[in-house]
Amino acid sequence: MKRLFRIWSFEPDPERDLADEIEAHLGLKVEELMSKGASEDEAWQEARRSFGDPERARKESKPHAASRERKHRAGEFLDSLSQDLRYALRTLRRSPGMTLLTIVILALGIGANTAIFSVLKAVFLQPLPFPEPEELTFVWNRNARTGGYGPTTFPDFLDWREQNQSFEAMGAFGGAYLNLTDGEDPVQIRGARVTAGVFDVLEIPPAMGRALLPEEDLTEEQVIVLSHHLWTERYGADPDILEKTVQVDGSAYDVVGVMPEVFYHPTPWGLTDPYLAWIPMPTDQWIHSRNSYSYQVLARLRDGISRARAQEDMNRIGATLEAQYPDTNENERAWVVPLHVLLYGDAAAIVLLVLLATGAVLLVACGNIAGFLMARAATRRTEMAIRASLGAGRARIVRQLLTESIVLAVAGGIAGLLLAAWSMGGLKTLIPPTFPRTEDIRLDAGILLFTFILSLATGVIFGLVPALAASRTRLTESLKEGGRAGRSGKKRLRTQNAFVVAQIALSLCLAHVGLLLVRSYGTLQELDQGFDPEHTLTMGVSLGGDRYDELEEREAFLRVLFARLEAIPGVTAAGVTSKLPLRGGTNGPTVTEEQFAQDPTTEGVLTEVSSVSGDYFASMGIPLLAGRTLTPDDADTIQPGVVINEAAAQRFWPDQDPLGRRFGFEGDNASWLTVVGVVGNVRQTRPGATPRPEVYWDYRVNPRVQMYLTLDAQGDPRELIRPARAAVLSVDPLLPVSNIRTMGEMLATDLSGREFYTLLVGLFSALAVLLAAAGIYGVISYFVAQRTQELGIRLALGAARKGLVLLVLRRALVIVFWGLVVGLAAAWIASRIISGLLFGVGALDPTTLMTGVGLLVFVGLTAALVPGLRGTRLSPVAALRAE
Amino acid sequence: MAGSNLYTGTLDLLIIQTLSRGPNHGYGIGKSIRDLSGGILAVEEGALYPALHRLNKKGWIEGSWGETETGRRARFYSLTRKGRKALARETARWDQHARAVQAVLQPTEA
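We now turn to the structure provided with this report. None of these values were measured; they are calculated from a predicted model.

What counts and what doesn't
Here the residue numbering is sequential within each chain, running from 1 through the sequence in written order. Chains and ligands are labelled sequentially in the order written, the chains with letters from A and the ligands with numbers from 1. pLDDT decides what is reported in this predicted model: residues at 70 or higher carry local features, side-chain atom pairs at 80 or more are listed and counted, and totals for whole chains, interfaces and linings draw on all residues regardless. Water and hydrogen atoms play no part in the side-chain values, which are based on all heavy atoms of the structure. Note on contacts: a residue pair is in contact if any heavy atoms of the two residues lie within 4.5 Å. Buried area is calculated as the accessible area (1.4 Å probe) missing from two parts once they are joined, with the contributions of both summed. The term salt bridge refers to a pairing of a side-chain nitrogen on Lys or Arg with a carboxyl oxygen on Asp or Glu at a separation within 4 Å. Think of a polar contact as two N or O atoms within 3.5 Å of one another; within protein, one of them needs to be a possible hydrogen donor and the other a possible acceptor, and neighboring residues in sequence only count if both atoms come from side chains. Centres within 6.5 Å are what make two rings of Phe, Tyr or Trp a pair, Trp counting through its six-membered ring; a difference in plane orientation under 30 degrees is then read as stacked, over 60 as edge-to-face, and the rest as tilted. Where helices and strands are cited, they refer to DSSP runs of H or I of at least four residues and of E of at least two residues respectively, numbered from the N terminus. For every residue, the accessible area (1.4 Å probe, protein chains only) is compared with the maximum for its type, and the residue is labelled buried under 20%, exposed over 50%, or partly exposed between those bounds. Charge-over-ring placement is defined geometrically: NZ (Lys) or CZ (Arg) within 6 Å of the ring centre, and within 35 degrees of the ring normal. Only when DSSP finds a minimum of two bridges between them are two strands counted as paired. For patch building, the residue pool is restricted to those with more than 30% relative accessible area and no salt bridge; the joining distance is 9 Å between like charges and 5 Å between nonpolar side chains (Val, Leu, Ile, Met, Phe, Trp, Tyr). We get accessible surface area from the Shrake-Rupley algorithm with a probe of 1.4 Å; when it comes to residues, only the shown protein chains can shield them. Charge convention: Lys and Arg are scored as positive, Asp and Glu as negative, and His as well as the terminal groups of each chain are ignored. In plain terms, the charge of a residue is placed at NZ if it is Lys, CZ if Arg, CG if Asp and CD if Glu. When we speak of the arc, we mean the arc of directions from the helix axis to the C-beta atoms. Only protein atoms enter the 1 Å grid, on which a cavity is a set of points fitting a 1.4 Å probe that cannot get out and a pocket is an open set with protein on both sides within 12 Å along at least 5 of 7 lines, lining residues being those with an atom within 4 Å of a point. Grid points are joined across faces, edges and corners, and a volume is the space filled by probe spheres set on the points. Three classes are used: nonpolar for Ala, Val, Leu, Ile, Met, Phe, Trp, Tyr, Cys and Pro, charged for Asp, Glu, Lys and Arg, and polar for all others, with Gly counted as polar. Lines fitted to C-alpha atoms define the axes, with helix axes restricted to the stretch in contact, and inter-axis angles between N-to-C directions lie between 0 and 180 degrees. Under this scheme an angle from 65 to 115 degrees is roughly perpendicular, one under 35 degrees roughly parallel, and one over 145 degrees roughly antiparallel; angles in between are oblique. Two helices crossing with the near one rotated counterclockwise from the far one by less than a right angle form a left-handed crossing, whereas a clockwise rotation gives a right-handed crossing.

1. Some words on the interface of chain B and chain A
So, step 1. At the interface, 24 residues of chain B touch 23 residues of chain A.
So, step 2. Summed over both sides, the interface between chain B and chain A buries roughly 2400 Å², with carbon and sulfur atoms accounting for 55% of that surface.
So, step 3. Where chain B touches chain A, the interface holds one salt bridge.
So, step 4. With its nearest N and O atoms 3.7 Å apart, the salt bridge here joins A:Asp20 to B:Arg73.
So, step 5. Remark: the boundary between chain B and chain A carries four residue pairs in polar contact (both at pLDDT 80 or more).

So this is what it looks like as C-alpha cells:
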C-alpha cells in the first residue's frame, strides 16, 4: 500500500498535503467521538468546531510547505537526471559499434578545434605582460594622402609628446646592432637606442639598478641597461654587474640596470629577434631632421582615454605641425594603433582562419551524427511509444535523448582532448617561427573549459533535432507498424536529406577555399623572386663604433675581406649590401632629369635604394640586363654612377634606352644619378610582392653601419658558414657576425605562415569531404532500406537491376545538387573573405570551382553506389518480406 | 496560559516530548498532551499543525504518510536525532525557568 502511495504522490502538492492532513485529523476525531456515542453528523460538527480555523493552520503552514516543496522538487530533478544518465549509458552500450564510431568522429572534430584554439589562446588571447596592457599603443607616422605608414621623425616625436593630452607616457626608440667586444667571444646583439620614456610606458621596474633617466636622452652618456637573458647568458648572472662596464663597439659602457625576465620591448618587427640591451638615444645627424623617418614610438594612454580620443588629439597635433612646417609635414599624421593588435593580429588572423575550417569540419561531423541518430530513432519508435504511454511528457523524452547525445559528446570531447594532447608536439613543429608566444601553447584549465563547453554545445547541436523528431511519435501508429514506413518515416528522411545537403554545402565551401589556398601557395613557391635562393648565403656585420669611424677604415676592411672571401674554395662571388631582398624598405621619391626640367615640383616615384659593393649582383644571383655593374669610379659623391632595376627603367623611360640617363632624389637637386647598368627585378618587401623601382649605388656614396655580406656558393651555401665567419674574424677579430642564413631559409620563413594555414585548411577540407561522403552513404542507405519493399516489388515485376541502381543514384544526385547550390553561395561568400590571402588566382576562379564541384559529385555518387548496389542485390522475395 | 511566545515554545516542547515516546500523528499528539496533563493543557488543534510544520522545518521531526490502526491514512511524525538533542536542551531550560519563577514567587526569608 505504501509503495502505491509513493507513486501517486508523484507531484508534491503541499496544499493538498495539508488539506489531507487536516482531513485525517478531523476523521480521527470523528472516530473517537463516535466511539463515545455521538452520531456522525454531530461528531463532524464537534470536530470542526474544536479544530478551530483551518484557514489559519493553512496560512501558517504555507512558508514551511513551500520550502519543503522546493527541496522535494530539487531532489526529484536530480533523481530523474541520474536516471537519464544511467539509461543513456545503457542504451549506448547496447550498440557499441555505432557509439564507438561516433566517439571517434567527435574526437577528431572536437580535438582539432581544441588544438587550434589552444594556439589562438597562447598567441592572441593572452594579454601583454605589462600592467594595464590595454592602455599600450604604438604610434606610427602616416601620410594621409598615400596611406603609407612607418616610423616617425624625432622632432615630430618631441612635438607629439609635448602637445598631447591623451598619453601618460611616450617614448621613442630605434633598433641597433651592438657589438659586444669584451671577453674572448665578440658577439653582435640586437639592442635599442631609447628615450627614457619607453620604460615609463612599459611600467615594469628593473630587477636590479635602474632604467634610463630622462636626463640621459640625447646625450652621449655611455650607460647601458641589460636584459635578463643577456645578463644570464653572457655575464653569468653576475650579482655585481652594476659595478662593471661592458664594451660596446670598443667603448666602455656602465651597466646601470638589469631588467627582469618577464620584461620585453615590443616592436612590430622584433618578435623573433628581441632587444637584449638598451642605451640612451644619442644625438646624430638625423635627430633634428623632420625628414628622417627612423624613430618608432610607444605610448601609454591616460586612464579613461580611449584610442579614438587619442587619435583625434593626435590628428589635431598633426594639423598644427603641418601648418608650422609645410615643407616636411604636409599630410603627415600620427596613427595610434593598439599594441596588442599590432603584435599579434596577423598571427591571430591566420589561426582564426584555421579555426573556421575546424569549426566547419565539426559541423559536418555533427550533421553525420544527427543523421545516424535520426536513422536509429526509427528503430526505437516502439520504445518511445511505450514511454509516452506510461506518462512521460514530450519534454521528458527529449531530455532523455539529449542526455544520450551529451554523454556521447562529452565522451568524444575527452577523447578529443587526448588526441589534441598527443598531436600537440606535431602541431608545434608546423607553427611558423614568426608566430609570437608559441612557447605558451599548452592544454591548461582554460582549454579544458573550452573543450567542455564545446562538447556540450556539440551534443545539443547534433542531438536536438533527432530528439525532437523521435519524441513526436504518434502512439497508435508506432505501436501498430513498428517499421520505417509511414508518414513520420518520410519526414525523418526529409530531415536527414536536409542535413546531408548542409554537409555537402559546407564541404564544397571548405574544399573551394582549400583549393584556392593550395594553388596560391604553389604559385608563390615557384615564383621567381628575382634572386637565387639556392646558393646564396648572407650574414650581417655592423661596422660601427670608433674603429670604423672613418670611411677609409671601412673601405680597407671590405677590401681585405673580399679578397679573403673570394679565396675560399666554393665561393664564386662575394659582395655586400645595405639591405637584403624580401627585407626591403629603404626608399625615397625620385624624379628624372627630364621631369624635373619640365616641372620642378613633380612628385617623385617611390624608389628603393641599396648601397652595394664588391660583386653583389653576382653573389645574389641577380642578372645583368644592360650596361655594366658598378666600378669604384662610380663612387663619385657628386655625380655617382648607379645601376637601376628593370622596373625603374620601365617606369622612368618606358621603351627607351635608360643608359646614360639621369635622375635624382626629390629635394636633392645637386646630385644627379647617371644610369650605367640595368639589372633584373628583385621583390623587396615580401615573396610575391610587386617589384618596386630600385637604384643601387656604390657603398661609398652612402656608407651605412649595418651591412650584409652576400656569398654565392657553388654547392651548398651552408658549407661556407664556417670559412666565411673565420675570414671575417681574420680581418677583424673583434667583429662579430649575426643573422647567418641562406636566402632559401629566409624565403621559407617568409612563406611559413602561409604554409601553415594552407596545409591545415587543406587537411581539414579533405576531412570534411570524407565526412560528407559518409553522410551521403548514410542517407542513401536509409533511403534504400525504407524503400526495400518497393524495390522488391519492382524487381519482382521484372525491372532491370541497373535501372533501380540508377534510381538510387538519381536520388543521390538530387541531394548533391541542392548541396552544391547552397555550397556555391557559401563558397562565394567565403572566398570573398579570404581574397586578401590569394595569390595568382581569383576568388571565384572557375577551374577551382569546377574542381570542387566535380570532386563532390564524384564522391557523392561513389558513396551512393555502395548502398545502391547492395540494396538492389537482394532477392525480390527477401525484399518483399522485409519490414 | 501565559503570553503567546511562551506558549509557542512550550507547545514545541510538549510535542517533541510526546514524540519521544514514539511516532504519532497530529491528532494523536494533541490527544496525548491533553490526557497526560489531565485535561489542563488543551492544545488548540488548529495551532498544532503550524507547530508541526515549524518543527519539521527546523529538522527536529520528520513526517511521512502512513496508516492508523483503523486503516485511515494519516501523516505520522517522528523525532529526529537533532530533535532528541533539542529535547534534552529545552527540557533543561524549562526546568531552570520554572525554578526561577518558583524562587521569585516564594517569600524570602527575612
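Back to the text.
2. Some words on the packing of aromatic side chains
So, step 1. A complete count under the given rule lists 24 aromatic pairs over all chains for this structure.
So, step 2. Here A:Phe138 and A:Phe173 contribute two aromatic rings whose centre-to-centre distance is 6.5 Å and whose plane-to-plane angle is 75 degrees, an arrangement assigned as edge-to-face. You can see A:Phe138 sitting in strand β1 (residues 136-143) and its partner A:Phe173 sitting in strand β3 (residues 167-180), a full 35 residues away along the chain. Grouping residues by exposure puts A:Phe138 and A:Phe173 together as buried.
So, step 3. With 5.6 Å between their ring centres and 75 degrees between their planes, A:Phe435 and A:Phe756 make a pair best called edge-to-face. Here A:Phe756 lies in helix α22 (residues 743-786) and A:Phe435 lies in the loop between α13 (394-430) and α14 (445-470), a separation of 321 residues in the sequence.
So, step 4. On the accessibility criterion, A:Phe435 (7% relative accessible area) is buried.
So, step 5. Of the aromatic side chains, those joined through ring pairs into one cluster are A:Phe138, A:Trp140, A:Tyr149, A:Phe173, A:Tyr275 and A:Trp335.
So, step 6. The ring of A:Tyr325 carries the charged tip of A:Arg290 above its face, separated from the ring centre by 3.7 Å.
So, step 7. In this structure, B:Lys58 is placed above the aromatic ring of B:Trp60, and the distance from its NZ or CZ to the ring centre is 4.3 Å.

3. Describing the pairing of strand β7 (residues 245-248) of chain A
Residues and elements named next belong to chain A.
So, step 1. Only one face of β7 is buried: it carries Val246 and Val248, and the other face, with Thr245 and Gln247, is open.
So, step 2. Where β7 and strand β8 (residues 251-258) come together, four bridges link them in antiparallel fashion. When the bridges of β8 are listed, Val248 appears paired with Ser251.
So, step 3. If you look at the hairpin formed by β7 and β8, you'll find two residues sitting between the two strands, and Asp249 has a positive phi there, around 50 degrees.

4. Some thoughts on the side chain of A:Gln706
Residues and elements named next belong to chain A.
So, step 1. Structurally, the position occupied by Gln706 is in strand β21 (residues 706-713).
So, step 2. Judged by relative accessible area, Gln706 falls into the buried class, the value being 17%.
So, step 3. Not counting chain neighbours up to four residues away, the residues in contact with Gln706 comprise Tyr177, Gln188, Gly540, Val541, Ser542 and Ser578.

5. Looking at unusual backbone geometry
All names here are of chain A.
So, step 1. At Glu132, a position not held by glycine, the phi torsion is positive, near 45 degrees.
So, step 2. Along the chain, Glu132 falls in the loop between α5 (96-125) and β1.
So, step 3. Judged by its relative accessible area of 40%, Glu132 is partly exposed.
So, step 4. Despite not being glycine, Ala237 has its phi angle at roughly 55 degrees, a positive value.

6. Remarks on the pattern of salt bridges
A side chain with one charge can pair with a side chain of the opposite charge if their charged atoms come near.
So, step 1. For the structure shown, the criterion picks out 30 salt bridges over all chains.
So, step 2. One salt-bridge network, held together by shared partners, links A:Lys579, A:Glu608, A:Arg692 and A:Glu694.

7. Here's the deal with a negative patch on the surface
Residues and elements named next belong to chain A.
So, step 1. A cluster of acidic side chains, namely Asp546, Asp549, Glu550, Glu552 and Glu553, defines a negative patch on the protein surface.
So, step 2. Position of Glu553 relative to the elements: it lies in helix α17 (residues 551-567).
So, step 3. For Glu553, a relative accessible area of 32% gives the class partly exposed.

8. Some details on a nonpolar patch on the surface
Residues and elements named next belong to chain A.
So, step 1. Side chains of Leu100, Val104, Leu108, Leu419 and Trp422 sit close together on the surface and give an oily, nonpolar patch of about 540 Å² of accessible area.
So, step 2. Among the elements of the structure, α5 and α13 are those that each provide at least two residues to the nonpolar patch.
So, step 3. A total of three residues in the nonpolar patch trace back to one element, the largest contributor, which is α5.
So, step 4. As for its placement among the helices and strands, Leu100 is situated in helix α5.
So, step 5. With a relative accessible area of 58%, Leu100 lands in the exposed category.

9. A look at the environment of A:Leu624
Residues and elements named next belong to chain A.
So, step 1. Tracing the chain through its elements places Leu624 in strand β16 (residues 624-627).
So, step 2. Take Leu624: its relative accessible area is 40%, and that puts it in the partly exposed class.
So, step 3. If sequence neighbours within four positions are ignored, Leu624 has contacts with Thr629, Val678 and Val679.

10. Regarding a positive patch on the surface
Residue and element names in this part refer to chain A.
So, step 1. A cluster of like positive charges, contributed by Arg394, Arg472, Lys490, Lys491 and Arg494, occupies part of the molecular surface.
So, step 2. Ranked by the residues each element gives to the positive patch, the list is headed by helix α16 (residues 487-526), at three residues.
So, step 3. Position of Arg394 relative to the elements: it lies in helix α13.

11. Some words on helix α23 (residues 788-796) of chain A
All names here are of chain A.
So, step 1. Where α23 is concerned, the buried positions are Thr788, Leu791, Gly792 and Leu795. On an axial view of α23, the arc spanned by its buried residues comes to 100 degrees, and they lie on one face.
So, step 2. Taken from the residues just after α23, Gly798 is the one with a positive phi, measuring 100 degrees.

12. Section: empty space enclosed by the protein
Residue and element names in this part refer to chain A.
So, step 1. Applying the stated rule across the entire model yields three cavities of 30 Å³ or more.
So, step 2. Roughly 150 Å³ of volume is contained in the largest cavity.
So, step 3. Every residue lining the largest cavity is counted, 15 residues in all, and those nearest its centre are Leu373, Arg376, Arg380, Leu401 and Glu404.
So, step 4. Secondary structure elements with two or more residues in the lining of the largest cavity: α11 (339-379), α13 and α14.
So, step 5. Here the element with the most residues in the lining of the largest cavity is α13; it accounts for five residues.
So, step 6. Along the lines of polarity and charge, the residues of the lining of the largest cavity split into ten nonpolar, two polar and three charged.

13. A closer look at the sheet that holds strand β1 (residues 24-25) of chain B
All names here are of chain B.
So, step 1. If you trace the three strands from one edge of the open sheet to the other, you get β1-β3-β2, paired in antiparallel fashion. This sheet does not close on itself; its edge strands, each paired only once, are β1 and β2 (61-67).
So, step 2. With two bridges connecting them, β1 and strand β3 (residues 73-79) associate as antiparallel partners. Within β3, the position partnered with His25 by the bridge is Phe76.

14. Concerning the packing of helix α6 (residues 154-163) of chain A against helix α9 (residues 307-324) of chain A
All names here are of chain A.
So, step 1. One way to put it is that α6 packs onto α9 with a least axis distance of 10 Å and a crossing angle of 130 degrees. Viewed along their axes, α6 and α9 adopt a mutual orientation that is oblique. For the pair α6 and α9, the sense of crossing is right-handed. Counting all contacts with α6, which are made through Asp156, Asp159, Trp160 and Gln163, the residues of α9 involved are Met314, Arg316, Ile317, Thr320 and Leu321.
So, step 2. In terms of residue class, the contact of α6 with α9 is built from four nonpolar, two polar and three charged.

15. Section: the environment of A:Leu820
Residues and elements named next belong to chain A.
So, step 1. Checked against the element boundaries, Leu820 lands in helix α24 (residues 801-833).
So, step 2. Taking the C-alpha atoms as reference points, Leu820 and Arg718, separated by 102 residues in sequence, lie 51 Å from one another.
So, step 3. Discounting residues that sit within four places of it in the chain, Leu820 has contacts with Ile504, Leu508, Val853, Leu856 and Val857.

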